[in-house]
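Fold and geometry: a report
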There are 2 protein chains.
Amino acid sequence: MSFDLDPRLEHDTTPVAELPLSRVVLMNDARFPWLILVPHIVGLTEMHDLPPAEIMQLTKEATTVSRILQKLTDAHKMNIGALGNVVSQLHVHVIARFEGDAAWPAPVWGVGESEPYEDAALADLIENIRAELELAFDA
Amino acid sequence: MSFDLDPRLEHDTTPVAELPLSRVVLMNDARFPWLILVPHIVGLTEMHDLPPAEIMQLTKEATTVSRILQKLTDAHKMNIGALGNVVSQLHVHVIARFEGDAAWPAPVWGVGESEPYEDAALADLIENIRAELELAFDA
(Lines give C-alpha, C1' and ligand atoms only; values in the text may rest on other atoms or scores of the structure.)
Protein backbone atom coordinates (compact mmCIF):
# COMPACT_ATOMS: atom_id res chain seq x y z
CA MET A 1 0.00 0.00 0.00
CA SER A 2 1.19 3.51 -0.72
CA PHE A 3 1.05 6.28 1.84
CA ASP A 4 -2.15 8.31 1.69
CA LEU A 5 -3.43 10.82 4.19
CA ASP A 6 -6.62 9.74 5.94
CA PRO A 7 -9.53 11.47 4.13
CA ARG A 8 -10.56 13.40 7.25
CA LEU A 9 -7.03 14.70 7.78
CA GLU A 10 -6.86 15.55 4.08
CA HIS A 11 -10.12 17.50 4.29
CA ASP A 12 -9.27 19.41 7.47
CA THR A 13 -5.70 20.46 6.65
CA THR A 14 -3.38 22.21 4.21
CA PRO A 15 -0.03 20.63 3.23
CA VAL A 16 3.05 22.38 4.60
CA ALA A 17 6.16 20.22 4.20
CA GLU A 18 7.63 16.74 3.91
CA LEU A 19 10.13 15.86 6.65
CA PRO A 20 12.31 12.72 6.53
CA LEU A 21 9.66 10.63 8.31
CA SER A 22 6.51 12.74 8.33
CA ARG A 23 4.23 14.86 6.25
CA VAL A 24 3.46 18.14 8.05
CA VAL A 25 0.02 19.67 7.54
CA LEU A 26 -1.70 22.71 9.04
CA MET A 27 -5.20 22.48 10.48
CA ASN A 28 -7.63 24.75 8.66
CA ASP A 29 -8.59 26.51 11.87
CA ALA A 30 -7.47 30.08 12.44
CA ARG A 31 -8.33 29.85 16.14
CA PHE A 32 -5.22 27.79 16.89
CA PRO A 33 -1.84 27.54 15.10
CA TRP A 34 -2.01 23.76 14.81
CA LEU A 35 0.30 21.45 12.89
CA ILE A 36 -0.04 17.70 12.48
CA LEU A 37 2.78 15.27 11.65
CA VAL A 38 1.77 12.11 9.80
CA PRO A 39 4.59 9.54 9.45
CA HIS A 40 4.91 8.06 5.95
CA ILE A 41 4.09 4.64 7.33
CA VAL A 42 1.11 2.57 6.35
CA GLY A 43 -1.14 0.76 8.78
CA LEU A 44 0.26 1.80 12.16
CA THR A 45 -1.89 3.38 14.84
CA GLU A 46 0.26 3.36 17.99
CA MET A 47 3.49 5.33 18.38
CA HIS A 48 4.89 2.54 20.56
CA ASP A 49 4.53 0.07 17.65
CA LEU A 50 7.02 2.00 15.48
CA PRO A 51 10.56 0.63 15.36
CA PRO A 52 12.76 2.45 17.94
CA ALA A 53 14.62 4.47 15.28
CA GLU A 54 11.34 5.75 13.86
CA ILE A 55 10.01 6.58 17.34
CA MET A 56 13.10 8.73 17.84
CA GLN A 57 12.85 10.36 14.40
CA LEU A 58 9.17 11.15 14.90
CA THR A 59 9.98 12.65 18.30
CA LYS A 60 12.78 14.73 16.80
CA GLU A 61 10.45 16.00 14.10
CA ALA A 62 7.58 16.72 16.50
CA THR A 63 9.74 18.56 19.03
CA THR A 64 11.42 20.56 16.26
CA VAL A 65 8.02 21.53 14.88
CA SER A 66 6.93 22.46 18.40
CA ARG A 67 9.99 24.67 18.95
CA ILE A 68 9.49 26.39 15.58
CA LEU A 69 5.76 26.95 16.03
CA GLN A 70 6.26 28.40 19.51
CA LYS A 71 8.97 30.72 18.19
CA LEU A 72 6.85 31.89 15.25
CA THR A 73 3.67 32.45 17.26
CA ASP A 74 5.13 33.42 20.66
CA ALA A 75 2.72 30.89 22.16
CA HIS A 76 2.29 30.66 25.92
CA LYS A 77 2.28 26.84 25.86
CA MET A 78 2.68 24.08 23.32
CA ASN A 79 0.43 21.01 23.35
CA ILE A 80 1.77 17.81 21.79
CA GLY A 81 -0.38 14.73 21.51
CA ALA A 82 -0.94 11.45 19.70
CA LEU A 83 -4.56 10.45 20.26
CA GLY A 84 -6.11 8.78 17.22
CA ASN A 85 -9.48 7.95 18.73
CA VAL A 86 -11.32 9.23 15.64
CA VAL A 87 -8.66 9.04 12.90
CA SER A 88 -6.65 5.91 13.54
CA GLN A 89 -3.81 6.72 11.09
CA LEU A 90 -0.86 7.54 13.35
CA HIS A 91 -0.49 11.32 13.65
CA VAL A 92 0.96 13.76 16.16
CA HIS A 93 -0.67 17.09 16.96
CA VAL A 94 1.47 20.14 17.76
CA ILE A 95 -0.68 23.06 18.85
CA ALA A 96 0.28 26.58 19.93
CA ARG A 97 -1.83 27.69 22.87
CA PHE A 98 -2.51 31.13 24.28
CA GLU A 99 -4.14 32.18 27.53
CA GLY A 100 -7.62 33.20 26.47
CA ASP A 101 -7.71 31.27 23.20
CA ALA A 102 -11.00 29.66 22.14
CA ALA A 103 -10.45 26.57 24.29
CA TRP A 104 -8.03 27.69 27.01
CA PRO A 105 -7.09 25.97 29.30
CA ALA A 106 -8.92 22.91 27.95
CA PRO A 107 -7.54 20.86 25.06
CA VAL A 108 -8.56 22.05 21.59
CA TRP A 109 -9.99 18.80 20.24
CA GLY A 110 -13.73 18.91 19.67
CA VAL A 111 -14.13 22.47 20.92
CA GLY A 112 -16.54 24.65 18.92
CA GLU A 113 -16.34 25.13 15.18
CA SER A 114 -13.19 25.73 13.21
CA GLU A 115 -12.73 29.17 11.65
CA PRO A 116 -11.13 29.64 8.22
CA TYR A 117 -7.86 31.48 7.79
CA GLU A 118 -7.75 34.56 5.60
CA ASP A 119 -5.78 33.66 2.47
CA ALA A 120 -2.91 36.05 3.13
CA ALA A 121 -2.55 35.01 6.76
CA LEU A 122 -2.53 31.35 5.77
CA ALA A 123 0.09 31.89 3.08
CA ASP A 124 2.30 33.90 5.44
CA LEU A 125 2.10 31.33 8.22
CA ILE A 126 2.90 28.42 5.92
CA GLU A 127 5.77 30.30 4.30
CA ASN A 128 7.28 31.09 7.70
CA ILE A 129 6.92 27.51 8.91
CA ARG A 130 8.51 26.16 5.70
CA ALA A 131 11.46 28.52 6.02
CA GLU A 132 12.12 27.41 9.60
CA LEU A 133 11.70 23.72 8.75
CA GLU A 134 14.19 24.05 5.89
CA LEU A 135 16.70 25.58 8.27
CA ALA A 136 16.12 22.85 10.84
CA PHE A 137 16.18 19.82 8.53
CA ASP A 138 18.53 20.80 5.68
CA ALA A 139 21.28 22.28 7.84
CA MET B 1 15.79 23.37 43.81
CA SER B 2 14.96 19.74 44.44
CA PHE B 3 12.44 17.83 42.39
CA ASP B 4 8.92 17.96 43.80
CA LEU B 5 5.71 16.92 42.15
CA ASP B 6 3.33 19.79 41.43
CA PRO B 7 0.75 19.82 44.28
CA ARG B 8 -2.16 19.17 41.91
CA LEU B 9 -0.40 16.17 40.37
CA GLU B 10 0.48 14.98 43.88
CA HIS B 11 -3.16 15.26 44.98
CA ASP B 12 -4.65 13.54 41.92
CA THR B 13 -2.27 10.59 41.61
CA THR B 14 -0.71 7.58 43.31
CA PRO B 15 3.04 6.86 42.95
CA VAL B 16 3.91 3.84 40.83
CA ALA B 17 7.62 3.80 39.95
CA GLU B 18 10.79 5.78 39.35
CA LEU B 19 12.28 5.38 35.88
CA PRO B 20 15.74 6.70 34.92
CA LEU B 21 14.33 10.09 33.91
CA SER B 22 10.75 10.17 35.16
CA ARG B 23 8.51 9.50 38.09
CA VAL B 24 5.48 7.44 37.01
CA VAL B 25 2.20 8.09 38.81
CA LEU B 26 -1.32 6.74 38.30
CA MET B 27 -4.31 9.07 38.07
CA ASN B 28 -6.83 8.40 40.83
CA ASP B 29 -9.62 7.83 38.33
CA ALA B 30 -10.98 4.35 37.82
CA ARG B 31 -12.74 5.41 34.60
CA PHE B 32 -9.47 5.43 32.65
CA PRO B 33 -6.19 3.53 33.18
CA TRP B 34 -4.06 6.67 33.09
CA LEU B 35 -0.38 7.06 33.88
CA ILE B 36 1.63 10.27 33.97
CA LEU B 37 5.40 10.55 33.56
CA VAL B 38 7.05 13.51 35.28
CA PRO B 39 10.73 13.98 34.39
CA HIS B 40 12.99 14.65 37.41
CA ILE B 41 13.86 18.05 36.03
CA VAL B 42 13.11 21.32 37.72
CA GLY B 43 11.63 24.33 35.99
CA LEU B 44 10.98 23.06 32.47
CA THR B 45 7.56 23.26 30.84
CA GLU B 46 8.14 22.39 27.16
CA MET B 47 9.33 19.00 25.95
CA HIS B 48 11.24 20.72 23.14
CA ASP B 49 13.34 22.62 25.72
CA LEU B 50 14.84 19.42 27.13
CA PRO B 51 18.33 18.51 25.93
CA PRO B 52 18.11 16.05 22.98
CA ALA B 53 19.24 13.07 25.07
CA GLU B 54 16.51 13.74 27.63
CA ILE B 55 13.88 14.17 24.89
CA MET B 56 14.83 10.73 23.61
CA GLN B 57 14.87 9.17 27.10
CA LEU B 58 11.47 10.65 27.94
CA THR B 59 10.11 9.32 24.66
CA LYS B 60 11.55 5.88 25.35
CA GLU B 61 9.97 5.88 28.80
CA ALA B 62 6.59 7.17 27.58
CA THR B 63 6.33 4.72 24.68
CA THR B 64 7.40 1.84 26.94
CA VAL B 65 4.74 2.82 29.47
CA SER B 66 2.22 3.06 26.62
CA ARG B 67 3.09 -0.42 25.33
CA ILE B 68 2.86 -1.89 28.85
CA LEU B 69 -0.43 -0.21 29.71
CA GLN B 70 -2.02 -1.30 26.45
CA LYS B 71 -0.85 -4.87 27.04
CA LEU B 72 -2.14 -4.95 30.62
CA THR B 73 -5.52 -3.39 29.86
CA ASP B 74 -6.10 -4.64 26.30
CA ALA B 75 -6.98 -1.04 25.41
CA HIS B 76 -8.43 -0.22 22.01
CA LYS B 77 -6.24 2.91 21.64
CA MET B 78 -3.54 4.66 23.60
CA ASN B 79 -3.51 8.44 23.99
CA ILE B 80 -0.17 10.15 24.67
CA GLY B 81 0.04 13.85 25.31
CA ALA B 82 2.09 16.65 26.85
CA LEU B 83 -0.26 19.58 27.40
CA GLY B 84 0.52 21.50 30.59
CA ASN B 85 -2.06 24.24 30.19
CA VAL B 86 -3.13 23.91 33.84
CA VAL B 87 -0.11 22.26 35.51
CA SER B 88 2.97 23.75 33.89
CA GLN B 89 5.45 21.23 35.34
CA LEU B 90 6.47 19.12 32.33
CA HIS B 91 4.52 15.86 32.35
CA VAL B 92 3.39 13.31 29.78
CA HIS B 93 0.00 11.59 29.92
CA VAL B 94 -0.37 7.98 28.80
CA ILE B 95 -4.02 6.93 28.80
CA ALA B 96 -5.64 3.62 27.85
CA ARG B 97 -8.84 4.21 25.92
CA PHE B 98 -11.77 1.95 25.19
CA GLU B 99 -14.66 2.36 22.79
CA GLY B 100 -17.54 3.38 25.04
CA ASP B 101 -15.40 4.66 27.93
CA ALA B 102 -16.63 7.73 29.84
CA ALA B 103 -15.16 10.19 27.31
CA TRP B 104 -14.91 8.16 24.08
CA PRO B 105 -13.97 9.29 21.46
CA ALA B 106 -13.16 12.69 22.99
CA PRO B 107 -9.99 13.27 25.01
CA VAL B 108 -10.28 12.50 28.73
CA TRP B 109 -9.08 15.84 30.11
CA GLY B 110 -11.77 17.80 31.91
CA VAL B 111 -14.51 15.24 31.25
CA GLY B 112 -16.90 14.61 34.17
CA GLU B 113 -15.79 13.69 37.65
CA SER B 114 -13.09 11.21 38.52
CA GLU B 115 -14.16 7.97 40.19
CA PRO B 116 -12.10 6.34 42.92
CA TYR B 117 -10.54 2.91 42.45
CA GLU B 118 -11.47 0.12 44.79
CA ASP B 119 -8.45 -0.60 46.99
CA ALA B 120 -7.85 -4.10 45.68
CA ALA B 121 -8.18 -3.07 42.03
CA LEU B 122 -5.77 -0.18 42.56
CA ALA B 123 -3.21 -2.40 44.29
CA ASP B 124 -3.45 -5.05 41.55
CA LEU B 125 -3.08 -2.56 38.73
CA ILE B 126 -0.06 -0.87 40.30
CA GLU B 127 1.58 -4.21 41.08
CA ASN B 128 1.14 -5.34 37.48
CA ILE B 129 2.50 -2.08 36.07
CA ARG B 130 5.52 -2.21 38.40
CA ALA B 131 6.31 -5.79 37.38
CA GLU B 132 6.24 -4.86 33.67
CA LEU B 133 8.31 -1.72 34.22
CA GLU B 134 10.95 -3.69 36.11
CA LEU B 135 11.19 -6.13 33.22
CA ALA B 136 11.45 -3.28 30.70
CA PHE B 137 13.98 -1.09 32.53
CA ASP B 138 16.14 -3.52 34.54
CA ALA B 139 16.61 -6.07 31.77
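Quick notes on the rules
- Residues numbered from 1 in each chain as written.
- Chains lettered and ligands numbered in written order.
- Predicted model: local features only at pLDDT ≥ 70, side-chain atom pairs only at ≥ 80, totals over all residues.
- Heavy atoms only, no water.
- Contact = heavy atoms within 4.5 Å.
- Buried area = accessible area lost by both parts, 1.4 Å probe.
- Salt bridge = Lys/Arg side-chain N within 4 Å of Asp/Glu carboxyl O.
- Polar contact = N/O pair within 3.5 Å; in protein donor to acceptor, adjacent residues only side chain to side chain.
- Helix = DSSP H or I, 4+ residues; strand = E, 2+ residues; numbered from the N terminus.
- Nonpolar A, V, L, I, M, F, W, Y, C, P; charged D, E, K, R; others polar.
- Pairing = 2+ DSSP bridges.
- Least-squares fit on C-alpha atoms with pLDDT ≥ 70 in both.

A look at the interface of chain B and chain A
Contact residues are listed per partner, giving 29 residues for chain B and 29 residues for chain A. Around 2500 Å² of area is buried between chain B and chain A when both sides are counted, 56% of it from carbon and sulfur atoms. The largest share of the area that chain B buries against chain A comes from His48, Lys77 and Asn85 of chain B, three residues that together contribute 27% of it. Taken together, the connections running from chain B to chain A amount to two salt bridges. With a shortest N-O distance of 3.2 Å, Glu46 of chain B and Lys77 of chain A are connected by a salt bridge. Inspection of the region where chain B meets chain A yields 25 residue pairs in polar contact (both at pLDDT 80 or more). Counting only elements with at least two residues in the side of chain B that touches chain A, the list comes to α2 (52-73) and β4 (77-82) of chain B. If one sorts the elements of the side of chain B that touches chain A by residue count, α2 of chain B sits on top with eight residues. Residues belonging to the side of chain B that touches chain A are distributed by class as follows: 13 nonpolar, eleven polar and five charged. Summarising the sheet, strand β4 (residues 77-82) of chain A and β4 of chain B pair through three bridges and their orientation is antiparallel. Paired with Ala82 of chain A across the strands is Ile80 of chain B, a residue of β4 of chain B.

Overview of the relation of the copies chain B and chain A
For the pair chain B and chain A, the superposition axis carries a translation of 0.0 Å, the fit reaches an RMSD of 0.0 Å, and the rotation angle comes to 180°. What we have between these two chains is a two-fold relation. For chain B, the smallest separation between a C-alpha atom and the rotation axis is recorded for Gly81 of chain B, amounting to 2.0 Å. Interface overlap between copies: 100% of the residues of chain B at the interface are likewise at the interface in chain A, consistent with a symmetric, same-surface contact.

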